[in-house]
Amino acid sequence: MAMVKEGKLIAQNKKARFNYSVDETYECGLVLEGTEVKSFKAGNISFPDAFAEIQKGEVWVKGLHIAEYSYSSVFNHNPDRPKKLLLHRDEIKRLTRKVEEKGYTLIPLDFYLKNGRIKVTLGLCKGKKQFDKRADIRERDVKRDMQREFRKGLQR
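Residues numbered from 1 in each chain as written. Predicted model: local features only at pLDDT ≥ 70, side-chain atom pairs only at ≥ 80, totals over all residues. Heavy atoms only, no water.

Focus: helix α2 (residues 34–41)
Along an α-helix, residues three or four positions apart point the same way, because every turn accommodates 3.6 residues. All of the buried residues in α2 are Thr-35, Glu-36, Ser-39 and Phe-40. The arc that holds the buried residues of α2, viewed along the axis, is 140°, so those residues lie on one side. Exposed side of α2, more than 90 degrees from the buried face: Gly-34 and Lys-38 are the residues found there. Residue Gly-43 follows α2 closely and has a positive phi angle near 85°. (Buried < 20%, exposed > 50% of the residue type's maximum accessible area, 1.4 Å probe, protein only. Helix = DSSP H or I, 4+ residues; strand = E, 2+ residues; numbered from the N terminus. Arc of directions from axis to C-beta.)

Here's what the structure looks like:
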């Protein structure tokens, strides 16, 4: 399910794939301050309502909470400040067009380490309707039942 090819997965937004249909994904860098990196690598993050917003040609992720680093002194970071995402200029232009025209939302899907750097998989998502969610649940149940029957058949 994870789109991470190499690197260590830090956190994944499972609810996003249920609430939104993901059309495209982008790998982004994340601009972090000193203690944020250590707290991030320790997995002290929370992003249930996180989303990205394009402002003046820059992409910012909001609603991402990075807990304060417990071993730090008074020079700790603000846990709820908006973080800047690093993308190529043409990617930002493409995202701006899609978000403005077609009602797409930018949602962080997962956070991971790649070559010692923290990366985000940003999804270009569209909200699912209630019946789409029900169809997903039904599909998942059918798959689970098929797997169960398959396993029973193997054990005989």
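Still to come is the rest of the account.
As for helix α3 (residues 89–102)
Relative to the 20 Å expected for 14 residues at 1.5 Å per residue, α3 spans 20 Å between its end C-alpha atoms, a close match to the ideal helical length. Listing the buried residues of α3 in full gives Glu-91, Ile-92 and Leu-95. Axial view of α3: buried residues confined to an arc of 95°, hence all on one face. Exposed side chains of α3 directed beyond 90 degrees from the buried face belong to Arg-89, Lys-93, Glu-100 and Glu-101. Buried positions along α3 lie against β2 (20–30), β4 (51–55), β5 (58–62), β8 (105–114) and β9 (117–127). (Expected span 1.5 Å × (residues − 1). Contact = heavy atoms within 4.5 Å.)

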